[in-house]
Amino acid sequence: MAIAKSPADLLPMDQVVQLSGLEFMMGILEGRLPGPPIGAQLGYKLHEVSEGRAVFRGTPEFEVTNPMGTVHGGWYGTLLDSAMACAVMTAVPKGCAYTTLEYKINILRSIPLGTTVDCVGTIDHVGRSTGVAHGEIRGVEDGRLYATGSTTCIVMNIFGSKS
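These notes cover the structure that comes with them. (Residues numbered from 1 in each chain as written. Predicted model: local features only at pLDDT ≥ 70, side-chain atom pairs only at ≥ 80, totals over all residues. Heavy atoms only, no water.)

**Thoughts on the overall build of the chain**
The condition is simple: Labels follow the DSSP assignment, with helices taken as runs of H or I lasting at least four residues and strands as runs of E lasting at least two, numbered in each case from the N terminus. Only the C-alpha atoms count toward the radius of gyration. The rule for a globule is 2.2 Å times the residue count to the power 0.38. Whether two residues are in contact is decided by their heavy atoms, any of which lying within 4.5 Å being enough. For the area figures, the Shrake-Rupley method with a 1.4 Å probe applies, and any residue is considered shielded solely by the protein chains shown.
Looking only at helices and strands, the chain has 4 helices and 6 strands in total. Helices (α) and strands (β) of the chain occur, in sequence order from the N terminus, as α-α-α-β-β-α-β-β-β-β. A compact globule built from 163 residues would reach a C-alpha radius of gyration of about 15 Å, and the chain, at 16 Å, matches this within 12%. Each principal axis of the C-alpha atoms in the chain carries an extent, and together these give about 50 × 30 × 25 Å. At a minimum sequence separation of 6, the contacts of the chain that also span at least 24 residues come to 67%. Only carbon and sulfur atoms are counted for the fraction: they give 54% of the accessible area of the chain, which is about 8300 Å².

Right, here's the structure in full:
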């Protein structure tokens, strides 16, 4: 997966909306389109994508800890926001884009440093103006549930799509 290194590396919005959300997400997964720089910065990447579902895989290391040496809550939140919002994106039609309106997370237990986790986002509803999804972070090897979340996204008709 190619990671954008500067704004010039990102696909311009007028080109993004020429694709369905699922086509856009598949392009990132397959490396045809640049992946988000935030994932490279925080140690996670898109791992799987299908209609209504997005999976990010990551391994928190020391760089994402708080002053107490545990994984910062922002890491959980960013990972969940990525998975849940990208799940919404998979259901967005051509001509439209989305952005997170709000999200909530529940951290159930601390992820031990070096533990690889999958964060699965799944849609509950995507309509003409909003998308709702939920997500969870689980250990790849231990299957433990580390956090859950929910989101509401706004779906924006950019170029006259009839959704």
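**Re the pattern of salt bridges**
Definition in use: When a carboxyl oxygen of Asp or Glu is within 4 Å of a side-chain nitrogen of Lys or Arg, the pair counts as a salt bridge. Partly exposed describes any residue whose relative accessible area lies between the buried limit of under 20% and the exposed limit of over 50%, with all areas from a 1.4 Å probe on protein chains only and scaled to the type maximum.
Scanning the model with the defined rule gives 4 salt bridges in all. Two residues, Arg-53 and Glu-48, come together in a salt bridge whose shortest N-O distance is 3.0 Å. Residue Arg-53 is classed as partly exposed on the basis of its relative accessible area of 31%. Salt-bridge contacts for Arg-138 lead to Glu-136; the nearest nitrogen and oxygen are separated by 2.6 Å.

**Things to note about the environment of Glu-63**
With respect to the helices, strands and loops of the structure, Glu-63 is situated in the loop between β2 (53–58) and α4 (73–89). On the basis of relative accessible area, Glu-63 is assigned to the exposed category, the value being 69%. Along the chain, Glu-63 and Gln-41 lie 22 residues apart, while their C-alpha atoms are 9.5 Å from each other.

**A closer look at the packing of aromatic side chains**
Defined as follows: Two aromatic rings from Phe, Tyr or Trp, using only the six-membered ring of Trp, form a pair when their centres are within 6.5 Å; if the ring planes differ by under 30 degrees the pair is stacked, by over 60 it is edge-to-face, and anything between is tilted.
Tallying each qualifying case throughout the model produces 1 aromatic pair. Look at Tyr-44 and Phe-56: their rings are 5.7 Å apart centre to centre, the planes differ by 80°, and that puts the pair in the edge-to-face class. Pair noted here: Tyr-44 is in strand β1 (residues 44–50) and Phe-56 is in strand β2, with a separation of 12 residues, a long-range link. Each member of the pair, Tyr-44 together with Phe-56, is buried.

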